[in-house]
Structure formats: C-alpha cells, structure tokens
Amino acid sequence: MSKLITLYDTTLRDGSQGEQVSLSAEDKLRIAQKLDEFGIHYIEGGWPGSNPKDARFFEMARKTPLRTSRLTAFGSTRRARTRADKDKNIKKLLNTEVETLAIFGKSWDLHAFQILGVPLDENLSMIEDTISYLKKQGRELIYDAEHFFDGYKHNQNYALRTLTAAVNGGADIIVLCDTNGGTLPYELQTILSDTMPLIKVPVGIHAHNDCGLALANSIVAVQLGTTMVQGTINGYGERCGNADLITVIGNLEMKMGYDCVGPEKLKQLTELSRYVSEVANIPPLNQRPFVGKSAFAHKGGVHVSGIMKSPKSYEHIDPEKVGNRRRILVSDLSGKSNIEYKAREMDIRLKENGHEIQKIVYEIKKLEDQGYQFDAAEGSLELLIKKAIGQFEEPFTLESFRVITEKNHSGPSTSQATIKISVGNDQEITAAEGDGPVNALDNALRKALTKFFPHIEDMSLVDYKVRVIDGSEATAAKVRVQIETRDPREIWSTIGVSPNIIEASWQALEDSVQYKLSREANHSKP
Ligand SMILES: [Zn+2]
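Here we summarise the structure given alongside this text. All values derive from a computational prediction rather than experimental measurement.

## Brief notes about the packing of helix H1 (residues 25-38) against helix H2 (residues 52-63)
Part 1 of the argument: For the pair H1 and H2, interaxial distance at closest approach is 9 Å and the crossing angle is 50°. Considered as vectors, H1 and H2 are oriented oblique to each other. Crossing handedness for the pair H1 and H2: right-handed. Of H2, the residues touching H1 (which contributes Ala-25, Glu-26, Lys-28, Leu-29 and Ala-32) are Lys-53, Asp-54, Arg-56, Phe-57, Met-60 and Ala-61.
Part 2 of the argument: Residues belonging to the contact of H1 with H2 are distributed by class as follows: six nonpolar, no polar and five charged.

Pasting the structure below:
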C-alpha cells in the first residue's frame, strides 16, 4: 500500500501574513518556482480578492506555468444574502484561471454569528452555494474549515453540519483547521477519531503553532488518516506561524515511511529552507530541525569522540539525506577529538604526541575567555590552529592605519581610511573612502593588496555583526565583530574582539583576507 501524503504549501498566502515577512509579487514567483522544482503538490498563491499584489502574482504566474505543482487561489465563501455568481471576490478567484481553488468558511458558530453577523443557517448556505457554484465552473475545490477544532468544542453538531454543507456542495477535499493554534494533540486525536469516519471525501490538516504544537498536531492527524498536510516553509505565518512543512516533510519521510517527495528531492530540503529564508530576508534559524546549521553540529568532546566511532551515536539520521552536513565545533568546551576532527577537515597534519593539540586547546581557551567565539568563526579558527603549530606564514603585515569619520550639520557622514602594509620587502600605502569607517578600511586594505594578490577581487563581504560582550575582566565593555565573506568557492566567517569597534572590525577583516590568501596558496600547491 502506498503511503502518499499530499503537501499543500501556503507560504505565499498564510506565510506572508507573518510579522517579518514581506514578499513582492516577484519574490512570490521565485518561491513558487522553487517549490515546483522541489515537488510540493499544491502551492497556494494568494488571495486575489484581498489585495492587488496577489492579483498581479496570478497574472505573472499565468505566463510562467508551473511544471509539477498545482497553483491554487484562496478566497472566502460568498457574502451573506447575495448569489455566488454575483460576488465580486468569487469573480476574482475565477479570473485567476487556476484549476484548484481553496475556499474557507466558518465552522465555529461564534464566528458565524458574532464576527460575520450572519444567521447560522445562512452560513451553511454560503458554504454549500459557493462550493457548488465553483464546482460547476469545473474547478477542483479544497474546503478549509476555519476554526474547526474550536467550533467542534463549542458546538459539535453545528461544526459537523458545516462540513456536510461543504461535501454536499461538492468539495473534493475537506481541510480541518486549527486556526488559533490552541488545540492540544490529544484533543485533536479525539476530535479526529470521531469526525474522520463521517467525512466521505479525503481530509487534510491545517495547524497553527500558537502552542508550539503545529508539527505534533500535523503528525497525529496523518497517523489518523488525513492525507493532505498544509503548512509553510520554515513555519512562517501569522502570530507564531504555521506548521513548518520542512519539518513535516523530514518527519513523514525519514521517520514514518510516508512518501511526500521521495529520497532524491529530500536531499534538497536544506536548500529549499535556506532559499525561502533568503528571499523572505529572514535569517535562517540555526536550530531548525533537519535543516538548521546546528542540526548536526557537535561541540561536547564526548559527543565528538562518539561520532568519530559511529555517527549513529549522536545523530538521529544521516544529515546528507536531507541535504545538511555534520559540523564539529571547536570551543573552550572541546576536547582532543574536536581538534583532531577539525584539523583533518582542514587538511592540517598534527603530530602524534599530542603536544600540538594541547597548545591549540590552550590558545582557544585563552581567547574564548577574552570573548572570542570560535564555533561561529571557522575561518579564524583555521588561522589560529595554523599559527599555534607554526604552519602559518603571514601573506602581508599591517604597518599602520588611520580612519577618519566626518559629519557636518545634518549631511551624511563620510569616512576615509589610509593604510600602510608590507608584503615581503615591499611596502604599500593607500587611501580609500567608504560608507562608514569599516567599509573605508576594507576598501583601503583591498586597494593596497590587489597589486600583490589580484585574486582578492572576487571576495565580498556578506554579513557584518556586532555584539556587546562582557569579558572576564569587567573593566570596559568589549565588542565582538563577526564577518562573513564569500568568494566563488566558499563562505567563511572570522572574528575580532576589542573594546574598540574599529579594532575588532580590523581583526575580523584581516583574518578574512589572511584566510582567503592562505587558501589560495593551498590551492596553487601542486
Ligand atoms: Zn492559517
């Protein structure tokens, strides 16, 4: 028996109602194409009746049809006391020309009566009429029973009658929604066990995460026989978000033996999560199950020595199956095993007697005590290891720099930097401007170095973070600067710590360039 689960993504509709999420019509199209490529079965594109942006998205989507996914448009039942064929919003839904429509209606008597202000019988007609009218237009119909679980708790009989109205109207799938996200898994289990046998069409689940239970509720629902799961990539959505489809897929495929996208596509799960966070401009969550940067990161020495003997000892699945990778972190908590693993990863050979490892651990502990954090700065860590064991030759040396920032009245401030470096016996002095002092310094350093190392032109700064920290000597507050740099080959992060933000930034910048140059030297070795 095939255990196929249909995935219904609503990142572009419910997800874009999340507080930090703002997607243009073009962003939505890019995400839709990515979801299509990944093999999500249904993509809810938006609510054309609610905003012009969504209407524009559907117009654009008509010109670039999806290959495998079905695009759906979302809308509400007709207004009270009108006819479905006269309802403006329903017309807009049909104008999208998509084959599948998702219609939501009220299952909770309180909502029908108090919020919409319509008699309970009229609400039932609104559901049935809307669906039967749209079915007659030849569309596939998904009915979202909004607030179903709350409605069921307050007025079981009425909530069930709303579902019957949808089925009588001709709905192809009934989706039970935990709209307020307040239902607990054992309540959901009881309600579904009672309800599922009464619904004569396939059933889906749409869970919100207000109790942190959207994933648990979705999993329980699948176990009880629902065949569609609705959710959003990375769980974006109103308030605490929706069920995170990324984690839903990870669990259904890897733990429960269901078929959603298959093992080949599953390897793109991490990439899909990061792509959507990139387009939505929300930093990816490191702790996100299956796909987060930290999902398979090991820091404790005991764990690392375990992993080296058998990865199963501290990993619930093979990270590569979901396109993620194992990371061994090095910090002041690290034992010998972490350093050994890391050095091997960096292609650095350490002497057998253990003296070098001791030296490296000592250096790391000393610097972490001053506020450095090497588990988040692997570029600086590599330099530290090479320096500690005498395998590092500085490609350039700083002689001096000077940075000036000027501001007049309310005009924008300007920054200039001059820098003097030496490379072997040569010296170079350059000056450059920048948007701010760090940018000016970065520009001046690159200008000075390009003559000697033309390769550095292909590196660029992708992220710059500053945090105020307390060192162990509680004298002055220090700042920790962490920068992320990329070139066509890789991304690396480096770190600097100082009471002076320019000094801390310089350390991180210098490490970033030194790292790049030492890598280039490695690559050019025969
Ligand atoms: Zn929702």
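## Here we look at the coordination of the zinc ion
For a metal with four tetrahedral donors the ideal donor-metal-donor angle is 109.5 degrees, while six octahedral donors give ideal angles of 90 or 180 degrees.
Part 1 of the argument: Looking at the metal site, the zinc ion is ligated by Asp-14 (OD), His-206 (NE2) and His-208 (NE2), spaced 2.0 to 2.2 Å from it.
Part 2 of the argument: All donors to the zinc ion come from one chain, and their sequence spacing reads D-x191-H-x1-H. One end of the pair, Asp-14, is in the loop between strand S1 (6-9) and H1; the other, His-208, is in the loop between strand S7 (203-207) and helix H9 (214-223), and 194 residues separate them in sequence. Neither residue differs from the other here; Asp-14 and His-208 are each classed as buried.

## Overview of the nonpolar core
Part 1 of the argument: One finds Phe-57, Phe-148, Ile-174, Leu-176 and Leu-252 to be the most contacted residues of the largest nonpolar core, which totals 87 residues.
Part 2 of the argument: If we skip the residues at most four places from it in the chain, Leu-252 touches Ile-5, Ile-219, Val-222, Val-229, Gly-257, Tyr-258 and Cys-260.
Part 3 of the argument: In this structure, Phe-396, Ile-421, Val-513 and Tyr-515 belong to the second largest nonpolar core, which totals 30 residues.

## Brief notes about the sheet that holds strand S11 (residues 397-406)
Part 1 of the argument: Ordered by their spatial adjacency, three strands build an open sheet running S11-S12-S13, and the pairing between neighbours is antiparallel. Whereas interior strands pair on both sides, the edge strands pair on one side only; in this sheet they are S11 and strand S13 (426-434). Each neighbouring strand pair of the sheet contributes to a mean axis angle of 10°, computed without reference to strand direction.
Part 2 of the argument: Across nine bridges, strand S12 (residues 414-423) lies against S13 in antiparallel orientation. Bridge pairing in S13 places Ile-421 opposite Glu-428.
Part 3 of the argument: Each of S11, S12 and S13 touches helix H17 (residues 437-450); the most contacted strand, S13, lies at about 145° to it.

## Topic: the environment of Pro-202
Part 1 of the argument: In this fold, Pro-202 is placed in the loop between helix H8 (185-195) and S7.
Part 2 of the argument: Classification of Pro-202 by relative accessible area gives partly exposed; the value is 44%.
Part 3 of the argument: Remark: the alpha-carbon pair of Pro-202 and Ile-173, spanning 29 residues in sequence, is separated by 5.1 Å.
Part 4 of the argument: Setting aside anything within four residues of it in sequence, one finds Pro-202 in contact with Asp-172, Ile-173, Ile-174 and Thr-227.

Cut-off values and rules
- Residues numbered from 1 in each chain as written.
- Predicted model: local features only at pLDDT ≥ 70, side-chain atom pairs only at ≥ 80, totals over all residues.
- Heavy atoms only, no water.
- Axes fitted to C-alpha atoms, helices over the stretch in contact; angles between N-to-C directions.
- Helix = DSSP H or I, 4+ residues; strand = E, 2+ residues; numbered from the N terminus.
- Parallel < 35°, antiparallel > 145°, perpendicular 65-115°, else oblique.
- Left-handed = near helix turned anticlockwise from the far one by under 90°.
- Contact = heavy atoms within 4.5 Å.
- Nonpolar A, V, L, I, M, F, W, Y, C, P; charged D, E, K, R; others polar.
- Donors = N, O, S within 2.8 Å, 3.2 Å for Na, K, Ca; no water.
- Buried < 20%, exposed > 50% of the residue type's maximum accessible area, 1.4 Å probe, protein only.
- Core = buried A, V, L, I, M, F, W, Y, C linked by side-chain atoms within 4.5 Å.
- Pairing = 2+ DSSP bridges.

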